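Below, each chain spelled out in residue letters.
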Amino acid sequence: MKKPGEVFADASVYDPGIEAIVPRYDELHDAILNSPPHDRSEAIRVLELGTGTGELTAKLLTRFPESSVLAADHSEQMLVEAERKLETFGDRVELGQGAFPEDYPDQTDEFDLVVSSLAVHHLDEGEKKALFDAIYDCLNPGGWFINGDVVQFDAPHLEALSGDMIENWVRSKGWEEADFMDEWEASDDYDNPSTLTDQLVWLRESEFEAVTSIWQYYNFAVYGGQKPE
Ligand SMILES: C[S@@+](CC[C@H](N)C(=O)[O-])C[C@H]1O[C@@H](n2cnc3c(N)ncnc32)[C@H](O)[C@@H]1O
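### Here's the deal with the layout of surface pockets
Space inside the largest pocket adds up to approximately 490 Å³. In terms of lining, the largest pocket is formed by 37 residues, of which the most central are Pro-4, Gly-5, Leu-118, Ala-119 and His-122. Put simply, the parts of the chain that give the lining of the largest pocket at least two residues each are helix H1 (14-21), helix H2 (25-34), helix H3 (55-63) and helix H7 (177-188). Split into classes, the residues belonging to the lining of the largest pocket amount to 16 nonpolar, 14 polar and seven charged.

### Side note on the side chain of His-38
As for its position among the elements, His-38 is in the loop between H2 and strand E1 (45-49). Sequence-distant contacts of His-38, defined by excluding residues within four places in its chain, comprise Ile-44, Phe-64, Asp-112 and Leu-113.

### A short note on helix H4 (residues 76-86)
By the burial criterion, the buried members of H4 are Met-78, Leu-79, Glu-81, Ala-82 and Leu-86. Mapping the buried residues of H4 onto a view down its axis gives an arc of 160 degrees, with all of them on the same face. Exposed side of H4, more than 90 degrees from the buried face: Glu-76, Glu-83 and Arg-84 are the residues found there. In this structure, the buried residues of H4 make contact with H1, H3, strand E2 (68-73) and strand E3 (93-97).

### As for the nonpolar core
One finds Ile-18, Val-115 and Phe-220 to be the most contacted residues of the largest nonpolar core, which totals 39 residues. Counting residues per element, this core draws most heavily on H2, which supplies five residues. Look past the residues within four positions of Ile-18 in its chain and what remains in contact with it is Val-7, Phe-8, Tyr-25 and Leu-118. Counting 27 residues, the second-largest nonpolar core is a separate cluster that includes Leu-47, Leu-123, Phe-132 and Val-211.

### Here's the deal with the site of the ligand
The ligand sits among 22 residues. The nearest are Tyr-14, Tyr-25, Gly-50, Asp-73 and Ser-117. Note that an oxygen atom of the ligand is positioned 2.9 Å from one of the side-chain N or O atoms of His-29. One of the backbone N or O atoms of Gly-50 is found 2.8 Å from a nitrogen atom in the ligand. Contact with the protein chains covers 97% of the free accessible surface of the ligand, which is 600 Å². More than half of the atoms belonging to the ligand lie within 2 Å of the grid points that define the largest pocket. Considered class by class, the residues forming the shell around the ligand number ten nonpolar, ten polar and two charged.

### Topic: the pattern of salt bridges
Following the criterion strictly, the structure yields eight salt bridges and no others. Notably, a salt bridge pairs Asp-26 with Lys-59, separated by 2.7 Å at the nearest N-O pair. Here Lys-59 lies in helix H3 and Asp-26 lies in helix H2, a separation of 33 residues in the sequence. Overall, Asp-26 belongs to the partly exposed group, its relative accessible area being 35%. A residue is classified by how much of its surface remains accessible, and Lys-59, at 22% relative accessible area, is partly exposed. Note that Asp-30 and Arg-63 form a salt bridge whose closest N and O atoms lie 3.7 Å from each other. Of the two residues, Asp-30 is situated in helix H2 and Arg-63 in helix H3; the sequence distance between them amounts to 33 residues. Given a relative accessible area of 35%, Asp-30 falls into the partly exposed group.

What counts and how
- Residues numbered from 1 in each chain as written.
- Predicted model: local features only at pLDDT ≥ 70, side-chain atom pairs only at ≥ 80, totals over all residues.
- Heavy atoms only, no water.
- 1 Å grid on protein atoms, 1.4 Å probe; cavity = no way out; pocket = protein on both sides within 12 Å on 5 of 7 lines; lining within 4 Å.
- Points joined across faces, edges and corners; volume = space filled by probe spheres on them.
- Helix = DSSP H or I, 4+ residues; strand = E, 2+ residues; numbered from the N terminus.
- Nonpolar A, V, L, I, M, F, W, Y, C, P; charged D, E, K, R; others polar.
- Contact = heavy atoms within 4.5 Å.
- Buried < 20%, exposed > 50% of the residue type's maximum accessible area, 1.4 Å probe, protein only.
- Arc of directions from axis to C-beta.
- Core = buried A, V, L, I, M, F, W, Y, C linked by side-chain atoms within 4.5 Å.
- Near = heavy atom within 4 Å.
- Polar contact = N/O pair within 3.5 Å; in protein donor to acceptor, adjacent residues only side chain to side chain.
- Areas by Shrake-Rupley, 256 points an atom, 1.4 Å probe, with all protein chains shown as cover.
- Sits in = over half its atoms within 2 Å of the grid points.
- Salt bridge = Lys/Arg side-chain N within 4 Å of Asp/Glu carboxyl O.

Pasting the structure below:
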């Protein structure tokens, strides 16, 4: 049985597979990495929630060459792929197996930046709020939380529009629609996306400032906020 967010039964097909089912996957990652105010030269400490195969992690470690990252995920098979991909970064990256919000952030460490990509939408509303509170607590003053994720439209016709857009994207990548539906519907069971508006309000309620949406393509969005100085 798959864990929430594993997407594919076999994690070794995740990298080519996710690009086929998440439109503008690299652009979403770029929007996350372009958003923090830090200089490339800063030795920032970063927590990543739901690192998966380490794709965003590798880009982050490259973009910020002095950074160090605690990369957390509850999936053993995803972490096996991440370990292989991130080996070259040595002790700048530590992989942690566990779930958020239960195990991470654990408040024993403090961070300048918390990032996540395509993972938080598996939590229900109460868990998302608890996670936002815990992220706020683990950030240093002035630190940022940036999340790139699936969001929900309130309007049914916009949900349908997003669905059509994804199906067209999948076909453009040469996948059979049936394969796509099998993989996607299996992972859909665990999906719990909230609206972008609700999540911006919840970040405010967790005391974040400068709360903002940064990028959006249909039902994929990058948003975040800052812990006050
Ligand atoms: C769709 S993948 C995204 C991976 C990567 N961030 C990316 O951009 O490709 C979601 C990842 O989040 C992990 N995940 C989902 N919910 C989680 C939770 N509550 N605790 C820990 N990991 C979780 C899954 O195991 C999976 O590796």
